[in-house]
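Each chain is listed here by its residues.
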Amino acid sequence: MDHESMSWLLLLLELLLMLGMLEAKVPAVIVFGDSSVDSGNNNYIPTIARSNFQPYGRDFEGGKPTGRFCNGRIATDFVSEAFGIKPTVPAYLDPTYSIKDFATGVCFASAGTGFDNATSDVLSVIPLWKEVEYFKEYQRRLRGYLGNYRAKQIVNEALYMVSIGTNDFLENYFAFPGRSSQFTIEEYQSFLIEIAENFIQEIYRLGARKISIGGLPPMGCLPAERASNIKDGCACREDYNLVSRQFNSKLVALINKLNSQLKGIGLVLSDIYYTMLEAIEKPHLYGFETVEVGCCGTGIFEMGILCTKSNPLTCTDASKYIFWDAIHGTEKICSILADHLMRTSLAGFL
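In this report, we go over the structure that sits alongside the text. (Residues numbered from 1 in each chain as written. Predicted model: local features only at pLDDT ≥ 70, side-chain atom pairs only at ≥ 80, totals over all residues. Heavy atoms only, no water.)

### A look at the packing of aromatic side chains
Move 1: Counted under the stated rule, the structure contains 26 aromatic pairs.
Move 2: Ring geometry for phenylalanine 32 versus phenylalanine 199: centroids 5.3 Å apart, planes at 80°, classification edge-to-face. Here phenylalanine 32 is found in strand S1 (residues 29-33), whereas its partner phenylalanine 199 is found in helix H9 (residues 185-205), with 167 residues between them in sequence. Each member of the pair, phenylalanine 32 together with phenylalanine 199, is buried.
Move 3: Plain terms: the ring middles of phenylalanine 169 and phenylalanine 247 are 5.7 Å apart, the flat faces sit at 75° to each other, and that makes the pair edge-to-face. Residue phenylalanine 169 is located in helix H7 (residues 166-173), and its partner phenylalanine 247 is located in helix H11 (residues 238-261); the two are separated by 78 residues in the primary sequence. In terms of burial, phenylalanine 169 and phenylalanine 247 fall into one category: buried.
Move 4: If you follow lysine 130 out to its NZ or CZ, it ends over the ring of tyrosine 134, 5.0 Å from the centre.
Move 5: Over the aromatic face of tyrosine 204 sits the side chain of arginine 209, whose NZ or CZ is 3.9 Å from the ring centroid. (Phe/Tyr/Trp six-rings, centres within 6.5 Å; stacked < 30°, edge-to-face > 60°. Helix = DSSP H or I, 4+ residues; strand = E, 2+ residues; numbered from the N terminus. Buried < 20%, exposed > 50% of the residue type's maximum accessible area, 1.4 Å probe, protein only. Lys NZ or Arg CZ within 6 Å of the ring centre and 35° of its normal.)

### Brief notes about the state of the cysteines
Move 1: Counted by the stated rule, this structure contains three disulfides.
Move 2: Going through the protein chain in sequence order and numbering each bonded cysteine, the pairs you get are 1-2, 3-6, 4-5.
Move 3: The thiol of cysteine 70 is unpaired, and the distance to the nearest cysteine sulfur, on cysteine 334, comes to 4.5 Å.
Move 4: By relative accessible area, which is 0% here, cysteine 70 ends up buried. (Disulfide = S-S within 2.5 Å.)

### Looking at the nonpolar core
Move 1: If you look at the biggest cluster of nonpolar residues, it comprises 97 residues, and the most contacted ones within it are Phe135, Tyr138, Ile211 and Leu346.
Move 2: It is H9 that contributes the most residues to this core, nine residues altogether.
Move 3: Core analysis: the second largest hydrophobic core is formed by ten residues, Cys296, Cys307, Ala318 and Trp324 among them. (Core = buried A, V, L, I, M, F, W, Y, C linked by side-chain atoms within 4.5 Å.)

### Overview of H9
Move 1: Its 21 residues place the ends of H9 30 Å apart at the C-alpha level, agreeing with the 30 Å of an ideal helix rising 1.5 Å per residue.
Move 2: If you check which residues of H9 are buried, you get Ile185, Tyr188, Gln189, Leu192, Ile193, Ala196, Glu197, Phe199, Ile200, Ile203 and Tyr204.
Move 3: Glycine 207, located one to two residues past H9, shows a positive phi value of around 120°. (Expected span 1.5 Å × (residues − 1).)

### A closer look at the pattern of salt bridges
Move 1: In this structure the tally under the stated criterion is 13 salt bridges.
Move 2: Arginine 245 serves as the salt-bridge partner of glutamate 238, at 2.8 Å between the closest nitrogen and oxygen.
Move 3: Of the residues examined, glutamate 238 reaches a relative accessible area of 44% and is grouped as partly exposed.
Move 4: What makes arginine 245 partly exposed here is its relative accessible area of 25%.
Move 5: Connected through shared salt-bridge partners, Glu133, Lys136, Glu202 and Arg205 make up one network. (Salt bridge = Lys/Arg side-chain N within 4 Å of Asp/Glu carboxyl O.)

So this is what it looks like as structure tokens:
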């Protein structure tokens, strides 16, 4: 093919993409998990684990608190945008959205939940099995909207992002005597891995093929955990960080196992641990100034209902902070982590 013919072909491809006649490799981003990816589902259930009030969302479009535990957009929003789909992923329980909106991306995540049902009980939030039930209902609605063939196509080609597990340790195992009296920490990790395996097999059976499982962050460096580590001068809790690394290693083994067993699956670990740790240890590389505390209030205990608009201590520029509240990252770190994933674990789905 000569140069002129190639130029015409490229122009035609661009026109077809603009007209929507060629499908993107990933037509939708579908999200399961906890507050790291909840875009507002908890607004519609009876729980105190909410963030649909200011100052949450103050840097979101229109300064609107959406239920995201952040000052702005979260990582899954940035990933959706990077795939050329849309700039935000809507919450499934938000009645202002319809199946037309959800056809290109939907979030089933619930702040405060975990792999373990006992974790979701702590704050009366949506357990992971219920998130899967919502996914089944979504598929029925999608078939009604687009027909069986197109709905199946979207479900098979969508990118599934799963971010969950931190609460199982911080809200459950390390906080209450129940699970810690039943399991050693290694046994509890294996217990969670078994649940993760069943979950992945279930959404695979329902049509999911491109699946990203998020690794745990350096849990011991979250401001709430540092604040309780008084004996070490409020440094990162290395014992908690070790648990994160151990669990992430178990996830890698699970992913390798399922990739070899489940035909046609593309299962990846989206590992943010070392990127986040580098930002915490070398903040100047990323333009951060404050890493020990969150932006909201004192930054050492405020989150959810404790993070209020009236607190005079809340910072004025969240972009200088890694953490927005005592647990959750700012929009800036979410953007950095999403960019890291797009260049690593998610690059193969582009």
